[in-house]
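Architecture and fold: a report
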Amino acid sequence: REVISPSNGASASAKPSTDPSAVQADVLQNLEYVVGAPSSKIPNGLDASSVYRGVAASVREHLIDAFNRTQDYWSEKDPKFVYYLSAEFLMGRSLMNAVQNLELTDTYSQAVKQLGYDLETLRDAEQNAALGNGGLGRLAACFIDSMATLNLPGWGYGIRYKYGMFKQAIDEKGYQQELPDIWLSNGNPWEIPRPDITFKIGFYGSVDNFKWSPGETVLAKAYDNPIPGFKTPTVGNLRLWEALPVAEFDLSAFNEGKYDKAVEERRKAEDISAVLYPNDATEYGKELRLKQQFFFVSASLQDAVARFKAKHGDNWQLLPEKAVFQMNDTHPTIAVAELMRLLIDEQSLDWDTAWGITQKTLAFTNHTVMPEALEKWPVKVLGKLLPRHMEIIDKIDQIWKDSLKEKVLAQVEEMHKKNPPKPKAAKPLKKEVPLAAKAEAGEPAEDEDEEEEEEDPVEAALNKYGIITENPWEKGVKLVNMAYLAVVGSKAVNGVAAIHSDIIKRTIFKDFYELAPHKFQNKTNGVTPRRWLAWCNPGLAALITETLGTDTWPNDLNLLTGLRKHADDKEFQKKWRAIKHENKAKLAAKIKARTGVDLPTDPLYDIQIKRIHEYKRQYMNILSIIYRYHQLKTASPEERKKFVPRVTIFGGKAASAYYMAKKIVRLINRVGMVVNNDPDVKDLLKVVFVPDYNVDWAEALIPAAELCQQISTAGTEASGTSNMKFQMNGCLIIGTMDGANIEIAEEVGKENLFIFGMDESEVPAWRESKRAEWKDYDPRFVKAIEMVRDGTFGDKEYFQDLADSVYDMKKGNDWFLVAPDFADYLRAQEEVDKVYLDQDEWTRRSILYTAGSGFFSSDRTIKQYADEIWDVVPVPVPSS
Ligand code: GL7
């Protein structure tokens with residue numbers, strides 16, 4: 001791999017000092033001049049939030065210094081850049097990550113200590129940047145961390161939402177409440193507003209002879225967020241866009257007393273970047289969402305194209321050698337049409353040239369096979385909002401289908417040879433995986449007139465490849481399949497774990513895979529070992545450094561294999577356990593402070609944290625706990641002594657409109673209320689739901705976890721990334737052969753995980769045939785369901801349909817196999833208890849997990865993207 005090496009020509013100004021007393025003076029100065037604190041109150045009369053802002057302003061100087069050096073250097077060297085387009089970046093807090101990555105933790109700790117504060121208290125004063133829903137958004141955050149660490153020229157591009165992921169509160173009855181996340185209320189010291197970097201973004205209007213006259217225009221204003229690498233002077237960039245009106249204010253309307261009208265344009269524009277859609281793996285299909293998507297994609301492409309043009313003029317053939325745009329899921333895939341529009345309409349390229357360039361410049365990652373998350377926009381909606389883009393998509397679709405005609409014709413002839421045609425053509429493909437909710441609403445209407453229609457077999461065969469297709473649920477309504485648009489418009493398409501990349505080739509993209517197998521790749525996800533091991537688990541990090549005799553492992557995570565030889569060492573095991581215990585105690589204190597629940601620290605800490613979803617099966621977990629509770633209640637005092645005490649912790653948000661998920665949240669909370677207050681149970685079982693699960697909670701929960709639940713129905717979780725974070729922190733997994741669990745099992749040894757349940761290959765058969773006659777309920781499952789129904793946890797009526805959804809095949813269809821997997825799940829749970837009694841064996845496995853986690857560093861993932869898709873090479877910035 002070529003590495004572009006530093007030249008001597010880089011100029012530099014003086015760096016901010018890293019001497020603790022100079023840093024202290026700098027913090028004081030920032031408290032006075034940035035925060036505006038009166039000198040009479042500095043340093044001891046201030047609240048933590050103010051001090052935090054002063055410290056952040058000081059750290060920001062270091063960031064900006066290195067940021068400017070990096071960006072200047074890259075601009076001068078003009079290497080190929082990767083632009084990571086993502087509607088979500090779930091960054092979490094920045095202070096500790098910044099000082100750690102800049103290796104200034106001791107310096108700042110000392111400096112603030114001398115001022116009478118401690119860094120940990122200040123850390124908690126920071127608001128969370130929750131501009132993402134879950135795994136997909138956090139993955140984007142890990143990726144830009146790795147890009148900076150690996151010195152890869154690249155930026156993230158996204159939306160600066162005014163309100164991030166909603167805050168979740170649990171009321172006294174156990175219901176989820178959603179509150180707005182006003183994360184910018186104290187300002188955001190980590191961003192650099194760029195009032196000079198704006199682009200106009202058009203919507204609506206009309207097209208006349210290929211010329212688009214938008215009916216509405218807003219401005220996109222840039223905010224840069226420096227992203228520090230670790231052990232490198234490179235600081236990358238996350239550029240987020242805010243939507244603003246073109247005209248600030250309608251003064252004449254104001255003067256006429258029309259105050260609402262005076263600010264109407266502002267409000268309409270600001271709505272675009274106002275809220276993150278709080279849906280995880282489901283799609284609401286709202287016009288505003290498409291508006292958001294186009295808004296950030298257009299701004300980002302215009303920005304990158306303008307930079308290219310400033311350097312290379314009209315040499316557009318060079319664009320694919322200078323830029324690659326990675327589309328993170330379907331959300332940014334309107335980029336295919338927008339890049340075409342920019343090249344054709346704004347830069348006067350002909351269609352073929354523009355198409356050739358587009359196909360070499362874009363790449364696409366798929367993150368889910370949930371059909372409801374694969375965005376499909378009604379032609380009517382897209383055509384109204386983006387009429388020129390609709391025209392372009394139409395033409396792409398036409399040309400694409402034309403290019404396939406010969407092939408399809410041959411296929412049809414071949415088929416006819418084998419199977420002489422029946423009088424009627426095949427019906428259009430049915431939706432493969434009906435959503436539980438949609439299935440309840442009935443299968444798509446079989447059109448009775450259909451029998452009458454003569455369908456051209458070639459047309460029908462071509463239709464399956466169509467970017468524009470008919471909605472199977474609504475006759476006559478045409479949809480743009482954004483994933484197909486992305487596949488056709490990209491040079492590479494990847495899934496996010498081996499099994500998932502394989503599944504997409506067999507299912508949702510089967511036909512496309514057969515046509516262009518070379519496009520399809522796998523890039524197994526990873527997570528940054530800095531935030532998710534080194535910074536969140538300092539105790540374990542110190543032990544690892546001491547044991548390996550080097551502190552370079554966070555940037556070279558395969559070094560962790562060196563822990564393997566200590567796995568059986570009893571002394572080492574003891575140290576390992578002591579750290580886990582300390583983390584459990586810290587977590588228990590945090591939970592006590594937030595929820596009032598007292599937790600013992602000796603039991604097994606069993607944790608499931610992720611968005612609440614039927615496919616992730618938090619429901620199955622709580623049913624198993626209900627059964628455990630039943631066992632405890634009916635056990636004799638002697639039998640009770642044999643129980644392995646457990647603390648089970650849940651965390652996660654339910655999408656606001658997801659009916660069943662909200663019921664699951666309530667059930668978990670109700671079970672907790674009953675179990676935690678039952679004097680028979682004492683410390684043998686605790687059930688806690690941590691409210692408002694987010695990145696910070698994860699940073700406290702993961703280091704303390706001993707067992708994590710990765711129990712999705714096989715074939716549904718594309719990868720999972722918390723599984724990797726838990727693994728790094730020595731937490732054992734109970735899970736299915738799904739997503740990245742499979743690769744974790746390969747690294748750690750399958751026998752060291754608690755694997756249960758059906759395989760992906762067995763699931764379809766169960767759904768299609770066995771489900772209908774399924775009677776084989778395990779009596780323990782029946783008991784648990786009964787307890788949900790009979791009011792043991794209150795709210796009898798409320799929980800009936802939740803019980804039905806997995807039990808009564810007429811009312812629910814148990815699409816995610818809670819009933820058939822339950823018995824094997826309990827078997828695996830028993831195995832967990834058994835192994836936990838043997839603490840040496842448990843610890844041995846725990847060590848092996850961490851030792852085998854090197855593969856799951858996002859550095860590895862990003863290196864693969866860079867080598868195998870992006871063709872981007874490291875450009876290390878000279879340290880001045
Ligand atoms: C997700 C997948 O569900 C998850 O399994 C995967 O780890 C993540 C990152 O690739 O992407 N897809 C998706 O739509 N969301 C995810 O978290 C919201």
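No experiment lies behind these values; they were computed from the predicted model shown. (Residues numbered from 1 in each chain as written. Predicted model: local features only at pLDDT ≥ 70, side-chain atom pairs only at ≥ 80, totals over all residues.)

This paragraph deals with the overall build of the chain. Of regular secondary structure, the chain possesses 35 helices and 24 strands. Against the globule reference of 29 Å for 880 residues, the chain gives a C-alpha radius of gyration of 28 Å, in line with a compact fold. With the C-alpha coordinates of the chain rotated into their principal frame, the extents come out at 85 × 80 × 65 Å. Buried positions account for 48% of the 880 residues belonging to the chain. (Helix = DSSP H or I, 4+ residues; strand = E, 2+ residues; numbered from the N terminus. Rg over C-alpha atoms; globule rule 2.2 N^0.38 Å. Buried ≥ 20, exposed ≤ 12 C-beta atoms within 10 Å, placed from the backbone.)

Here helix α23 (residues 570-595) crosses helix α34 (residues 839-851) at 80°, and the two axes come no closer than 10 Å. What the angle tells us is that α23 and α34 run roughly perpendicular. Residue-level contacts link K570, Q573, W576 and R577 of α23 to Q839, D840, T843, R844, S846 and I847 of α34. Its residues assigned to classes, the contact of α23 with α34 shows 2 nonpolar, 4 polar and 4 charged. (Axes fitted to C-alpha atoms, helices over the stretch in contact; angles between N-to-C directions. Parallel < 35°, antiparallel > 145°, perpendicular 65-115°, else oblique. Contact = placed C-beta atoms within 7 Å. Nonpolar A, V, L, I, M, F, W, Y, C, P; charged D, E, K, R; others polar.)

Within the largest apolar cluster, 236 residues are counted, with the highest numbers of intra-cluster contacts made by Y83, A335, I626, L701 and A705. Here the element with the most residues in this core is helix α6 (residues 135-149); it accounts for 9 residues. When residues no more than four places from it in sequence are discounted, the contact partners of I626 are V671, A784, M787 and V788. (Core = buried A, V, L, I, M, F, W, Y, C linked by C-beta atoms within 7 Å.)

In this structure, strand β5 (residues 167-170) lies alongside strand β6 (residues 176-179), joined through 4 bridges in antiparallel fashion. Looking at the pairing, I170 lines up with Q176 of β6. Linking two consecutive strands that pair antiparallel, namely β5 and β6, is a turn of 5 residues; a positive phi of about 100° is found at G174 within it. (Pairing = 2+ DSSP bridges.)

On to the sheet that holds strand β15 (residues 468-470). Strands pair in a sheet through their backbones, by hydrogen bonds, and they do so in one of two ways: parallel or antiparallel. The strand order across the open sheet formed by 3 strands is β14-β16-β15, and the pairing between neighbours is antiparallel. Edge positions in the sheet fall to β14 (376-378) and β15, since each of these pairs with one other strand and no more. Taking each pair of neighbouring strands and ignoring which way they run, the sheet shows an average axis angle of 40°. Of the strand pairs in this sheet, β14 and strand β16 (residues 478-481) are connected by 3 bridges, and their pairing is antiparallel. Opposite W377, over in β16, you have V480 as the bridge partner. This element, helix α18 (residues 482-489), spans β14 and β16 of the sheet and lies at about 45° to β16.

Closest axis-to-axis distance for the α6/helix α35 (residues 858-870) pair is 9 Å, and the angle between their directions is 75°. Taken together, α6 and α35 sit at an angle that is classed as roughly perpendicular. Facing α6, whose interface residues are C142, F143, D145, S146, M147 and T149, α35 presents S858, D859 and I862.

Right, let's get into the UniProt feature "modified residue: N6-(pyridoxal phosphate)lysine" (unreviewed entry) in the chain. Taking the UniProt record as the reference, the feature "modified residue: N6-(pyridoxal phosphate)lysine" (unreviewed entry) is found at K725. Here K725 falls in the buried class, since 30 other C-beta atoms lie within 10 Å of it. In this structure K725 touches V527, W532 and I702, once residues within four positions along its chain are discounted. (UniProt positions renumbered as here; feature names shortened; annotations may be inferred.)

Taking strand neighbours across the sheet as the criterion, the 9 strands line up as β7-β10-β11-β4-β1-β12-β13-β17-β18 in an open arrangement whose pairing is mixed. In the strand order of this sheet, the two ends are held by β7 (192-203) and β18 (520-522), each with one partner. Averaged over all adjacent pairs, the angle separating strand axes in this sheet is 25°, with direction ignored. Two strands pair when backbone bridges link them, and strand β1 (residues 81-85) and strand β4 (residues 154-159) are joined in this way by 4 bridges, in the parallel orientation. Each bridged residue has a counterpart across the sheet, and for Y83 the counterpart in β4 is W155.

Before going further, it helps to spend a moment on the pairing of strand β22 (residues 707-710). Along β22, one buried face is formed by L707 and Q709 and the opposite face, lined by C708 and Q710, is buried too. Where strand β19 (residues 604-609) lies against β22, 2 bridges are found, and the strand directions are parallel. Paired with D606 across the two strands is L707, which belongs to β22. The pairing of β22 with strand β23 (residues 732-735) spans 4 bridges and is parallel. Among the inter-strand pairings, Q710 is bridged to a residue of β23, identified as G735. Read as a crossover between parallel neighbours, the route from β22 over helix α28 (residues 722-728) to β23 is right-handed. (Right-handed = clockwise from strand over helix to strand, strands pointing away.)

This next bit is on helix α9 (residues 264-272). Along α9, the residues that are buried comprise E265, A269 and I272. For α9, the angular spread of the buried residues around the axis is 40°, confining them to a single face. (Arc of directions from axis to C-beta.)

What follows concerns the site of the ligand. Close contacts around the ligand come from 18 residues, with G135, L136, H367, A718 and S719 the closest. When the residues that make up the shell around the ligand are grouped by side-chain class, the tally is 6 nonpolar, 10 polar and 2 charged. (Near = placed C-beta within 6 Å.)

When you line up the elements, A745 lands in helix α29 (residues 741-748). Sequence separation of A745 and G735 is 10 residues, and the distance between their C-alpha atoms is 10.0 Å. Once you skip the residues sitting within four places of it in the chain, A745 turns out to touch K750, L753 and I755.

Okay, unusual backbone geometry next. The step from I42 to P43 runs through a cis peptide bond, and the omega angle for that step is 0°. Of note, P43 is situated in the loop between α1 (20-33) and α2 (48-77). Residues other than glycine seldom take positive phi values, yet Y204 does so here, at roughly 55°. Along the chain, the position of Y204 falls in the loop between β7 and β8 (206-208). A positive phi angle, close to 70°, is found at D329, a residue other than glycine. Within the secondary structure, D329 is located in the loop between β12 (323-328) and α12 (335-346).

This brings us to the confidence of the model for the chain. Averaged over all residues, the pLDDT of the chain is 93; the fraction at 70 or higher stands at 95%. Within the model, the stretch residues 6-12 combines pLDDT values under 50 with 7 contacts to residues more than four positions away or in other chains. Confidence drops under a pLDDT of 50 for residues 425-452, and excluding neighbours within four residues, the segment shows 26 contacts in the predicted structure. In the model output, the complex is listed with pTM 0.94 alongside ipTM 0.97. (pLDDT = per-residue confidence, 0-100.)

Within the secondary structure layout, R388 lies in helix α15 (residues 387-418). Residues R388 and P874, 486 residues apart in the sequence, show an inter-C-alpha distance of 38 Å. Apart from the residues within four sequence positions on either side, R388 is in contact with V207, W212 and R341.

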